[in-house]
Amino acid sequence: MLEIKNLHATVDGKEILKGLDLTIKAGEVHAIMGPNGSGKSTLSYVMTGREGYEVTEGEVLFKGKNILEMEPEERAGEGLFLAFQYPVEIPGVPNTTFLKEAMNSVRRYRGEDELDAMQFVKLVREKTKQLGINDEMLKRAVNVGFSGGEKKRNEALQMAVLEPCLAVLDETDSGLDIDALKTVANSVNLLRGPDNAMLVITHYQRLLDYIVPDQVHVLAQGRIQRSGGKELALELEKKGYAEFTGAAA
Amino acid sequence: MTEAFNEHFGALRDHLPGQNLSWLTALRQRGLDRFAKNGLPTPRMEAWKYTSLRPIEKVDFAAEGVPRACISIDRAPSLLPEATESHRLVFVDGHFRSDLSRLGELPEGARITTLGEQMVDDPDWLHGHLDHLEAPLVQPMLALNTAMMMNGFVLRLARGTVLPHPIEVIHLGGAGDAPLAYHPRNLVVLEEGSQATLIEHCSHLGEQPYLSNSMTEISVADGATLRHYKLQADALNAFHLATVKAEVGRDATYDSFCMTTGARLSRNEVSVRLSGQGADCHLNGAYLVRGEQHCDNTTVVDHLVPNTTCREVFKGVVDDKARAVFQGKLKVHRDAQHTNGHQLSKVLLLSDRAEINAKPELEIYADDVVCSHGATAGDLDHDALFYLRARGIPEAAARSMLIEAFLGESVDQIAAEGLCPALMASIGHWLAGSRGDY
């Protein structure tokens, strides 16, 4: 599903990723953990094509295609989804309009027929019901005036509607109460299947109680320092990241 | 150019309506004298610092006093949904076209007519209302209008009259076979407690450049409400200069919105005098300009007495080498305690060469007031753009969504049923790169 080879990336001329390798197969859930400033968010933005993140070396293959040359919208069309750490507020754009436009754009990209208003409403109702999200959120402008929890629920809803092949969750647990955390975890688990994969980027182990990973990686100083099973997360929770940051040495 | 207009006056003198009215002849002469004294506005005048009329001087405009042989069109374009009832007046190149107009039934106490008819039917009333509002700025174009005024619409509502349907005034230009200059003069008089919605729509028929130099005088008496909305979608080789003067009485409301997408050069100059306690005005607008268009919105609001309110929001989108001007002045006079005045100019500049000149001004002589002003200019929000694109929405569509949302918030303020979709559609057409025939 995803193959990252020797990825180097700079932001404002400063090298953040320094030869990162990562392979995720269909059906797997991987977690990346790491201290602040280790390059976790940079990795998610490089994958999704944000301006200002420059790849200097290496490649990112998604379903066998090199996505680094693609526009962000093309990557989304290919089935890549980023749940933002800080979802953006967009005044004046109703959430429904946004969701429908996003879904039909992705469908157009894939050569599928667009959904009409009726079909769309039916689909969204189904998803909000599954996730236990209040429909009222759809009428409001995208993320405007949403609480931290509502924003993350909204990300979960978008993910459920767009049904990506690979979902990257960037610090989705930050600032969440336990209920919102469960909603998000629930939507991830609903999506989970033999044809999908997830990359959960997190600072803390807590989220991994709800989304149980197949593999855990430690990202520090721009590279994967260690990989292991889910027990690695628990170990990190106890010992911290000191041994990977050089601070302990 | 000043001479050219003087010549126009000479040529038209015998064709101008109301020859038999000595007060009107004298009024015209005063206008001409004032215009001759100052000439066309130049950027040396403070109020015209950012808007040069030089492009107008490059066109050899003809003056025309007699309506042309009828240009035939099936029907004038409308901004309202087909089934909407309205009172419609159509002007082509400044001339009233009764064959295209449809006044419909009016309630008692309401009169909708033209300036020309008013000169014949009720010249005394006209004498009592025309050119009676004070001008806060030096207004050479208004002086020229006063000299040359030919026709325009007149709306009179007697005390307590409520018009249930909107009045739609459609101005179509460019129909002649030479460049034409004309000077529409409109008059709106709402007596105590009356209410009306007035929708103006400026568009074009032919290919010729034209200059429309209009003047609209509005008086909204105590407790009356006028909702005044305009879409200026003139031809891209046209010049649109519009002056509005309004006087708003006790507990009266003047609610206005002006959207600009058209004209090579346009100026929308609105001055409002809030002269009765509880008077309230909303001066809002939106503009979308590109290419080499120049769009000027200039407003002056005088708070003359205590407890008056004004809310003003202009939002614009400027692309290519287009230029926009926003000048907004709030003047709170000595007696006008408890004034509440807010003004905001927000602009999206879509290219490196796009330009906005924003000049908000507060002039306050009372000490117990709440006033604010602000001006912002910037590019589209990059984070929002990335967020939309990361969800699969292509860049062009994402940009359009953000621009529509930006302007949509202004359009939503309009309190005329059926008008908002047409304005949103014209924004959509603009974004799609075409000019819809709205």
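You'll find the structure just up there.
The following refers to the structure shown.

Definitions and limits used
Residues numbered from 1 in each chain as written. Chains lettered and ligands numbered in written order. Predicted model: local features only at pLDDT ≥ 70, side-chain atom pairs only at ≥ 80, totals over all residues. Heavy atoms only, no water. Helix = DSSP H or I, 4+ residues; strand = E, 2+ residues; numbered from the N terminus. Rg over C-alpha atoms; globule rule 2.2 N^0.38 Å. Areas by Shrake-Rupley, 256 points an atom, 1.4 Å probe, with all protein chains shown as cover. Buried < 20%, exposed > 50% of the residue type's maximum accessible area, 1.4 Å probe, protein only. Lys, Arg positive; Asp, Glu negative; His and termini not counted. Charge placed at Lys NZ, Arg CZ, Asp CG, Glu CD. Pairing = 2+ DSSP bridges. Arc of directions from axis to C-beta. Contact = heavy atoms within 4.5 Å. Salt bridge = Lys/Arg side-chain N within 4 Å of Asp/Glu carboxyl O. 1 Å grid on protein atoms, 1.4 Å probe; cavity = no way out; pocket = protein on both sides within 12 Å on 5 of 7 lines; lining within 4 Å. Points joined across faces, edges and corners; volume = space filled by probe spheres on them. Nonpolar A, V, L, I, M, F, W, Y, C, P; charged D, E, K, R; others polar. Axes fitted to C-alpha atoms, helices over the stretch in contact; angles between N-to-C directions. Buried area = accessible area lost by both parts, 1.4 Å probe. Polar contact = N/O pair within 3.5 Å; in protein donor to acceptor, adjacent residues only side chain to side chain.

**A few points about the overall build of chain B**
- Scanning chain B from terminus to terminus reveals nine helices and 21 strands.
- Here the C-alpha atoms of chain B give a radius of gyration of 21 Å, agreeing with the 22 Å that 2.2 N^0.38 yields for 438 residues.
- For chain B, the spread of C-alpha atoms along the principal axes amounts to about 70 × 55 × 50 Å.
- A total accessible area of about 16,800 Å² is found for chain B, and carbon and sulfur atoms account for 47% of it.

**Describing the overall build of chain A**
- If you tally the helices and strands in chain A, you get nine helices and twelve strands.
- Expected size for 249 residues packed as a compact globule is a radius of gyration near 18 Å; at 18 Å, chain A falls within 12% of this value.
- Oriented by its inertia axes, the alpha-carbon framework of chain A measures out at about 60 × 40 × 35 Å.
- Relative to its 249 residues, chain A shows a buried fraction of 53%.
- As displayed, chain A has an accessible area near 10,900 Å², and 47% of this comes from carbon and sulfur atoms.
- Charge-centre separation for chain A: the mean point of 30 positive side chains lies 4 Å from the mean point of 38 negative side chains.

**Quick word on the pairing of strand E11 (residues 225–232) of chain B**
All names here are of chain B.
- In terms of residue burial, E11 counts as a mostly covered element, since eight of its eight residues are buried.
- The side-chain alternation of E11 yields two buried faces, one formed by Thr225, Arg227, Tyr229 and Leu231 and the other by Leu226, His228, Lys230 and Gln232.
- Sheet analysis places strand E9 (residues 195–204) next to E11, joined by eight bridges and oriented parallel. When the sheet's bridge partners are listed, Glu200 is paired in E11 with Lys230.

**As for helix H8 (residues 231–239) of chain A**
Residue and element names in this part refer to chain A.
- Within H8 the residues assigned to the buried category are Leu232, Ala233 and Leu236. One side of H8 carries all its buried residues, which in axial view fall inside an arc of 100 degrees. Away from its buried face, by an angle of more than 90 degrees, H8 presents the exposed residues Glu231 and Lys238.
- Tucked into the core, H8 has its buried residues touching strand E3 (29–33), strand E11 (215–220), strand E12 (223–228) and helix H9 (242–245).
- Where H8 terminates, the next one or two residues include Gly240, which has phi positive at roughly 75 degrees.

**A word on the pattern of salt bridges**
- One pass over the structure, following the stated rule, counts 35 salt bridges over all chains.
- Residue Arg391(B) is joined to Glu155(A) by a salt bridge in which the shortest nitrogen-to-oxygen separation is 2.8 Å. Linking Arg391(B) in the loop between helix H7 (382–390) and helix H8 (395–411) with Glu155(A) in helix H6 (residues 148–162), this pair reaches from one chain into another. Summarising the burial analysis for this pair, Arg391(B) and Glu155(A) share the class buried.
- Put simply, Arg267(B) and Asp296(B) hold a salt bridge, and the shortest N to O gap is 2.8 Å.

**A closer look at empty space enclosed by the protein**
Residues and elements named next belong to chain B.
- Within this structure, the stated rule accounts for eight cavities of 30 Å³ or more.
- Counted as a void, the largest cavity has a volume near 180 Å³.
- Considering the residues around the largest cavity, the lining is formed by 19 residues, among which His171, Pro184, Cys202, Ser212 and Ser214 are closest to the centre.
- Of all the secondary structure elements, the ones that give two or more residues to the lining of the largest cavity are strand E6 (167–173), E9, strand E10 (210–220) and strand E12 (239–248).
- Across the lining of the largest cavity, the residue classes tally to eight nonpolar, eight polar and three charged.
- Approximately 140 Å³ is the volume attributed to the second largest cavity.

**Points about the sheet that holds strand E9 (residues 166–170) of chain A**
Residue and element names in this part refer to chain A.
- Reading across from one edge, E6-E9-E10-E3-E11-E12 is the order of the six strands in this open sheet, with mixed pairing throughout. Bordering the open sheet on either side are strand E6 (80–83) and E12, each of which pairs with just one other strand. The mean inter-strand angle of the sheet, taken between neighbouring strand axes irrespective of direction, is 20 degrees.
- As paired strands, E9 and strand E10 (residues 197–202) are joined by five bridges and run parallel to one another. When the sheet's bridge partners are listed, Asp170 is paired in E10 with Ile201.
- Each of E6 and E9 is contacted by H6, which is oriented at about 170 degrees to E6, the strand it contacts most.

**Structural notes on the interface of chain A and chain B**
- Each partner contributes residues to the interface: chain A has 30 residues there, and chain B has 18 residues.
- When chain A packs against chain B, close to 2,000 Å² is buried across both sides, 66% of that on carbon and sulfur atoms.
- Remark: the boundary between chain A and chain B carries four salt bridges.
- The shortest N-O distance in the salt bridge between Arg389(B) and Glu73(A) comes to 2.7 Å.
- There are ten residue pairs in polar contact (both at pLDDT 80 or more) connecting chain A and chain B.
- Contributions of two or more residues to the side of chain A that touches chain B are made by helix H1 (40–48), helix H2 (72–78), E6, strand E7 (90–94), helix H3 (95–109) and H6 of chain A.
- The element contributing the most residues to the side of chain A that touches chain B is H3(A), with six residues.
- Classifying every residue of the side of chain A that touches chain B by side-chain character gives 17 nonpolar, seven polar and six charged.

All we've got here are geometric facts, nothing functional implied.
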